[in-house]
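Fold and geometry: a report
Spelled out, the chains give:
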Amino acid sequence: MGEKQRISKGHNPSTFIQQCTFNGKMCLKEYLSNFSNFRYGNCVTFNKRTNMIKSRKVSKTGTGSGLLLSLYFEADKYMAPTPTIGGIVIIHDPDEIPAPEEKGYIISHGYETVIGMKQTIFKRLPAPYKDRCIDYKARSAEFTRSKDECIRKCIQMRSFTQCGCIDPTLSILLHEFRSCDISNETESCCLDDVLDRMSRTGSTCNCPLPCRFVSYGEELSRSLLRSINITESFSLPKNDVARVKIFYSTLKKLVYEQRPQWEVSELLSILGNEFALWLGSSLVFFGEILEILVLYVKHVSAYIFFRFKQKMVSPV
């Protein structure tokens, strides 16, 4: 199924999201963006960072803050091969492209799912230190904003080199290349062979760890829904809807930061102290030698003078 056909047959985002509030206020349309996923159909992203829009921030904790979504699944319109009814929620960095195939939480219809978050930040050191991390956001020319995105792009390039097409099931698509037809046995087997070779021989992708990585430490709980009242006169049946609450359980951040054992300033300071110590020792040693030479010259001069004087007064 092509992308246009998936979009037309998938959920209408405005129907799928019946309610959306952030910090107790209705979500503005400019903070909602849509994209199509090969496996999961139409998807909606909230709070995606762009050049035109700044990402929203929270200053409170608890269920009264954060994001509240009421989702309408339209179960009667699901296609026959679809095995389950529900959705997937992914919590990710505003700059990152979400990948529902790799991570996310399943949201079941008929339940309210509560997701509490606690932010943890990891900061690593670039080369020449051990991790040799890189700042993916600074590599804007390569359009690679995370390690996962870098790996997926690398797989796509390997697939195109070996198969002449790219894997449409990966969340990153290189539009200048043709997508493989997974119903074609030859192309499908070729894509499997690419992944098999990379897993057996080891990846040759140059995708080191990011210098800054944010983990949200999600904790989930859920309870049964009775119904969702959209307006005073309209409500949705519980078997066709789900409610999701996403919030920070604390505003404290846990930061793990790598630091060099010796800073440049500390190293220069230590070297300066060492040079000063050895220079001071050298000056003391030179002073002692000079003192010995002076005393030696003094004694030799006195001895010569004494011998000369003794010779002058000796009887003939």
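Below, the structure is looked at part by part. Just so it is clear, the structure is predicted and the values come from calculations on it, not from any experiment.

Focus on the nonpolar core
One finds Val-244 and Ile-246 to be the most contacted residues of the largest nonpolar core, which totals 21 residues. Listing elements by their share of this core, those giving two or more residues are strand E1 (17–22), strand E5 (67–72), strand E8 (111–117) and strand E14 (241–248). Element by element, the count of residues in this core is highest for E14, at four residues. Ignoring any residue separated from it by four or fewer positions in sequence, one finds Val-244 in contact with Leu-67, Leu-68, Leu-69, Leu-71, Val-89, Ile-107, Thr-113 and Ile-115. Judged by nonpolar contacts, the second largest core, of 14 residues, contains Tyr-136, Cys-154, Cys-190 and Leu-191.

Quick word on the sheet that holds strand E10 (residues 212–215)
Strand order across the open sheet formed by three strands is E10-E9-E15, with mixed pairing between neighbours. With partners counted over all chains shown, the strands left at the sheet margins are E10 and strand E15 (254–257), one partner each. Each neighbouring strand pair of the sheet contributes to a mean axis angle of 15°, computed without reference to strand direction. Summarising the sheet, strand E9 (residues 120–123) and E10 pair through four bridges and their orientation is antiparallel. Directly across from Lys-123, in E10, lies its bridge partner Arg-212.

With respect to the pattern of salt bridges
Enumeration over the complete set of coordinates arrives at 10 salt bridges. In this structure, the salt-bridge partner of Asp-131 is Arg-124, at a minimum N-O distance of 4.0 Å. Note that Asp-193 is salt-bridged to Arg-197, the shortest N-O span being 3.2 Å. Here Asp-193 and its partner Arg-197 are both found in helix H4 (residues 185–201), four residues apart, which amounts to about one turn of the helix.

Digging into the packing of aromatic side chains
Throughout the structure, instances matching the rule amount to five aromatic pairs. Note on Phe-16 and Phe-73: the rings are 5.9 Å apart at their centroids and 55° apart in plane angle, and the pair reads as tilted. Here Phe-16, found in helix H2 (residues 13–16), pairs with Phe-73, found in the loop between E5 and strand E6 (86–89); they are 57 residues apart in sequence, far enough to count as distant. Residue classification places Phe-73 among the buried residues on the basis of a relative accessible area of 0%. Ring plane angle 10° and centroid distance 5.4 Å describe the contact between Phe-122 and Tyr-256, whose orientation is recorded as stacked. A residue pair is termed long-range when its members are at least 10 positions apart, and Phe-122 in strand E9 and Tyr-256 in strand E15 qualify at 134 residues. For Tyr-256, a relative accessible area of 45% corresponds to the partly exposed category. Among the aromatic side chains, those forming a connected cluster through ring pairs are Phe-122, Phe-213 and Tyr-256. A cation sits over an aromatic face here: Arg-56 above Tyr-31, 5.2 Å from the ring centre.

A few points about the pairing of E1
Pairing analysis gives five bridges linking E1 to E5, with the strands arranged antiparallel. Among the inter-strand pairings, Thr-21 is bridged to a residue of E5, identified as Leu-68. By the bridge criterion, two bridges tie E1 to strand E2 (residues 25–26) in an arrangement that is antiparallel. Bridge pairing in E2 links Thr-21 to Met-26. Turn length for the E1-E2 hairpin, with the two strands adjacent in sequence and antiparallel, is two residues, and the turn residue Asn-23 shows positive phi of about 55°.

Parameters at a glance
Residues numbered from 1 in each chain as written. Predicted model: local features only at pLDDT ≥ 70, side-chain atom pairs only at ≥ 80, totals over all residues. Heavy atoms only, no water. Core = buried A, V, L, I, M, F, W, Y, C linked by side-chain atoms within 4.5 Å. Buried < 20%, exposed > 50% of the residue type's maximum accessible area, 1.4 Å probe, protein only. Helix = DSSP H or I, 4+ residues; strand = E, 2+ residues; numbered from the N terminus. Contact = heavy atoms within 4.5 Å. Pairing = 2+ DSSP bridges. Axes fitted to C-alpha atoms, helices over the stretch in contact; angles between N-to-C directions. Salt bridge = Lys/Arg side-chain N within 4 Å of Asp/Glu carboxyl O. Phe/Tyr/Trp six-rings, centres within 6.5 Å; stacked < 30°, edge-to-face > 60°. Lys NZ or Arg CZ within 6 Å of the ring centre and 35° of its normal.

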